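Here is what each chain is made of, one letter per residue.
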Amino acid sequence: QYDEGVIEYEKITGKKEYADGYIRFTVPVNQEITDLTDTTNTLVDKSTMVNVDCILSLPTTYKHYGSPTKLIMMCHGAGRGVSGSENWTTIDSYNSLVNRFKACGYAVFDCNGYKNDEQGYNAWGCQRGLETWRKAYQYVINNYNVETDFSIYAFSMGGLTAINLAFQNFPN
């Protein structure tokens, strides 16, 4: 059973939350060219674009209108992503953490930012991974009523992603 805020959200937008409580979306990330100033999801070169999986979870207080919802970027650790049969959303401690943030009124998003490695860029905190986080953030603020300022919560190897994003003064 969905929370009241999510049911209202679905009626108005037609977008559905999955049974596990996460909204799933993808963002296209160019594997060849990393443009730090690009905040669009435009296709630069079809042969080098990869759709990267992302998730969003909304609090029960979420409304598509009025005051925007606070936002947390969750940078998960190594060993799992947010898609596939063995992902972070299948781990009780991860879901418990997300649910605690939601109980405090935060929307939470996460993505497979570390492993978009068509060209061999399979390193935590790498530029292609950071581009994925930027694109996921842009998608969330463009499609949901959330604040543009956000907090980052990172654990384990996700800390490297968070530090690199902060170092680059993301999103500004």
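Just above sits the structure.
Rules and cut-offs
Residues numbered from 1 in each chain as written. Predicted model: local features only at pLDDT ≥ 70, side-chain atom pairs only at ≥ 80, totals over all residues. Heavy atoms only, no water. Helix = DSSP H or I, 4+ residues; strand = E, 2+ residues; numbered from the N terminus. Buried < 20%, exposed > 50% of the residue type's maximum accessible area, 1.4 Å probe, protein only. Contact = heavy atoms within 4.5 Å. Areas by Shrake-Rupley, 256 points an atom, 1.4 Å probe, with all protein chains shown as cover. Core = buried A, V, L, I, M, F, W, Y, C linked by side-chain atoms within 4.5 Å. Phe/Tyr/Trp six-rings, centres within 6.5 Å; stacked < 30°, edge-to-face > 60°. Salt bridge = Lys/Arg side-chain N within 4 Å of Asp/Glu carboxyl O. Pairing = 2+ DSSP bridges. Axes fitted to C-alpha atoms, helices over the stretch in contact; angles between N-to-C directions. Expected span 1.5 Å × (residues − 1). Arc of directions from axis to C-beta.

**Side note on the overall build of the chain**
And then number 1: Tallying secondary structure elements over the chain gives 4 helices and 5 strands in all.
And then number 2: Ordered by position in the sequence, the α and β elements of the chain form the string α-β-β-β-α-β-α-β-α.
And then number 3: Burial status across the chain gives 48% buried among its 172 residues.
And then number 4: Long-range contacts, defined as pairs at least 24 residues apart, comprise 75% of the intrachain contacts of the chain with a sequence gap of at least 6.
And then number 5: Total accessible area on the chain is roughly 8600 Å²; 49% of this is exposed by carbon and sulfur atoms.

**Side note on the nonpolar core**
And then number 1: Core analysis: the biggest nonpolar cluster contains 28 residues, and Phe 25, Leu 56, Leu 71, Met 73, Phe 109, Val 140 and Tyr 144 have the highest contact counts within it.
And then number 2: Listed by contribution, the elements that provide at least two residues to this core are strand S1 (23–30), strand S2 (49–57), strand S3 (70–75), strand S4 (106–111), helix H3 (127–143) and helix H4 (158–167).
And then number 3: If one sorts the elements of this core by residue count, H3 sits on top with 7 residues.
And then number 4: Once residues within four sequence positions are removed from consideration, Phe 25 is found in contact with Val 52, Asp 53, Cys 54, Ile 55, Leu 56, Ala 136, Tyr 139 and Val 140.

**Focus on the packing of aromatic side chains**
And then number 1: Inspection of the entire model under this criterion finds 10 aromatic pairs.
And then number 2: With centroids separated by 6.4 Å and ring planes inclined at 65°, the aromatic side chains of Tyr 94 and Phe 155 adopt a geometry described as edge-to-face. Residue Tyr 94 is found in helix H2 (residues 92–103), and its partner Phe 155 is found in the loop between strand S5 (151–154) and H4; the two are separated by 61 residues along the sequence.
And then number 3: In this structure Tyr 94 comes out as buried when scored by relative accessible area, which is 2%.
And then number 4: A centroid spacing of 6.2 Å and a plane angle of 55° characterise the contact between Phe 109 and Trp 133, whose relative ring orientation is tilted. Pair noted here: Phe 109 is in strand S4 and Trp 133 is in helix H3, with a separation of 24 residues, a long-range link.
And then number 5: Overall, Phe 109 belongs to the buried group, its relative accessible area being 0%.

**Overview of the pattern of salt bridges**
And then number 1: Counted by the stated rule, this structure contains 1 salt bridge.
And then number 2: For Glu 131, the salt bridge goes to Lys 135, with nearest N and O atoms at 3.9 Å. A residue pair is termed a helical-turn pair when its members lie 3 or 4 positions apart in one helix, as Glu 131 and Lys 135 do in helix H3 at 4 residues.

**Brief notes about the sheet that holds S3**
And then number 1: Read across the sheet, 5 strands follow the order S1-S2-S4-S3-S5 without closing on themselves; strand pairing throughout is mixed. What marks the edges here is a single partner per strand, and that holds for S1 and S5. Sheet twist, expressed as the average angle between the axes of neighbouring strands with direction ignored, equals 30°.
And then number 2: In this sheet, S2 lies alongside S1 in antiparallel orientation, the contact comprising 8 bridges. Across the sheet, the residue bridging to Thr 26 is Asp 53, located in S2.
And then number 3: Sheet strands touched by H3: S1, S2, S3 and S4. Its angle to S1, the strand with the most contacts, is close to 130°.

**Some thoughts on H2**
And then number 1: Here H2 spans 16 Å end to end across 12 residues, near enough to the 16 Å set by a 1.5 Å rise per residue.
And then number 2: All of the buried residues along H2 are Tyr 94, Asn 95, Leu 97, Val 98, Phe 101 and Lys 102. With its buried residues spanning 160° around the axis, H2 presents them on a single face. Seen from the open side of H2, the exposed residues pointing more than 90 degrees away from its buried face are Asp 92, Ser 93, Arg 100 and Ala 103.
And then number 3: Residues of H2 that are buried make contact with S2, S3, S4 and S5.
And then number 4: Following H2 by one or two positions, Gly 105 has its phi on the positive side, about 90°.

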